[in-house]
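Now for the letters of each chain:
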Amino acid sequence: MIEISQELVEEKIIEVIEEIADTLEIEVSIDTKSCPGLMPGITSQVLVTVMGRLEKKLDVIIPDECYVFYDKKEKKQLDIKKSAEKLIKNAHYGK
C-alpha cells in the first residue's frame, strides 16, 4: 500500500490533470491553488476520469458518491489542496 500524504495526493492530482490536458491538447497552468473544475476545457467528465486514474495511482477507492473537486454544501469548486484533503478523508484504502 502506498503511504498517502497531503503532498503526494496534491502531486498526483496535478500529474494526472496535466497528462489528460496534454492528451486533449489543452494548455493548463496548475498548482495547489488551482480549481480544476474552473479550468477551460476541463469538464466534469474529464475530472471523473482524473478520479479513476487517481484510484489506480494511489491504490485507493473513491466512493461513487464522493466527487472530490466540488463541495456540495458550499456549492463551490475546490482547489487542488482542498480536493486532496477531501480525497484523503473519503477514500477507502487498498489491502
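In this text the structure is predicted, and so the values were computed from the model without any measurement.

Scanning the entire structure with this criterion turns up 6 salt bridges. The residue Lys12 makes a salt bridge to Glu15 at a minimum N-O spacing of 3.6 Å. With Lys12 and Glu15 both in helix α1 (residues 6–23), this residue pair falls 3 residues apart, about one helical turn. For the salt bridge of Glu19 with Lys57, the shortest nitrogen-to-oxygen distance reads 3.6 Å.

With that out of the way, let us pick up the layout of surface pockets. Over the atoms, a rolling probe the size of a water molecule traces out where space has been left empty. Empty space within the largest pocket amounts to approximately 260 Å³. In terms of lining, the largest pocket is formed by 13 residues, of which the most central are Tyr70, Asp71, Lys72, Leu78 and Lys86. Of all the elements in the fold, those that place two or more residues in the lining of the largest pocket are β2 (70–71) and α3 (80–90). For the lining of the largest pocket, the leading source of residues is α3, giving 3 residues. Considered class by class, the residues forming the lining of the largest pocket number 4 nonpolar, no polar and 9 charged.

What follows concerns the state of the cysteines. Counted under the stated rule, the structure contains 0 disulfides. Cys66 supplies the cysteine sulfur nearest to Cys35, a cysteine that is in no disulfide, at a spacing of 16 Å. Residue Cys66 is classed as buried on the basis of its relative accessible area, which comes to 7%.

Attention now moves to the environment of Lys57. As for its placement among the helices and strands, Lys57 is situated in helix α2 (residues 44–58). Overall, Lys57 belongs to the partly exposed group, its relative accessible area being 28%. Separated by 41 residues in the primary sequence, Lys57 and Val16 place their C-alpha atoms 9.2 Å from one another. Of the polar contacts made by the side chain of Lys57, one reaches the side chain of Glu15; its length is 2.7 Å.

Quick look at α2 now. The end-to-end C-alpha separation of α2 is 21 Å, in line with the 21 Å expected for 15 residues at 1.5 Å each. Buried positions along α2 lie against α1, β1 (60–61) and α3. Note on α2: the residue one or two positions beyond its end, Asp59, has a positive phi of about 55 degrees.

Looking at where Met51 falls in the secondary structure, it is placed in helix α2. With a relative accessible area of 11%, Met51 lands in the buried category. Distance in space between the C-alpha atoms of Met51 and Lys75 is 19 Å, their sequence separation being 24 residues. Setting aside residues no more than four positions away along its own chain, Met51 makes contact with Ile62, Cys66, Tyr67, Val68 and Phe69.

Basis of the calculations
- As a convention, each chain's residues are numbered from 1 in the sequence order in which they are written.
- For this predicted model, a pLDDT threshold of at least 70 governs which residues receive local features, and a threshold of 80 or more governs which side-chain atom pairs are given and counted, while totals over whole chains, interfaces and linings are taken from all residues.
- Note that water and hydrogens are dropped before the side-chain values are worked out from all heavy atoms of the structure.
- For this document, the term salt bridge refers to a Lys or Arg side-chain nitrogen within 4 Å of an Asp or Glu carboxyl oxygen.
- Helix and strand assignments come from DSSP, with helices taken as H or I runs of at least 4 residues and strands as E runs of at least 2, each series counted from the N terminus.
- A cavity, in this analysis, means grid points on a 1 Å lattice covering only the protein atoms where a 1.4 Å probe fits yet has no way out; a pocket is instead an open set bounded by protein on both sides within 12 Å along at least five of seven lines, and a residue lines either one if it has an atom within 4 Å of a point.
- Grid points are joined across faces, edges and corners, and a volume is the space filled by probe spheres set on the points.
- Any residue that is not Ala, Val, Leu, Ile, Met, Phe, Trp, Tyr, Cys, Pro, Asp, Glu, Lys or Arg is counted as polar, Gly included; the first ten are nonpolar and the last four charged.
- What counts as a disulfide here is a pair of cysteine sulfur atoms lying within 2.5 Å.
- A 1.4 Å probe rolled over the protein chains alone gives each residue an accessible area, and that area as a share of the maximum for its type sets the label: buried under 20%, exposed over 50%, partly exposed in between.
- Pairs of N or O atoms within 3.5 Å make up the polar contacts considered here, provided that, within protein, one atom can donate a hydrogen while the other can accept it, and that residues adjacent in sequence are counted only when both atoms are side-chain atoms.
- Under the convention used throughout, the expected extent of a helix is 1.5 Å for every residue step, that is, one less than its residue count.
- Every residue pair with non-hydrogen atoms within 4.5 Å of one another is taken to be in contact.

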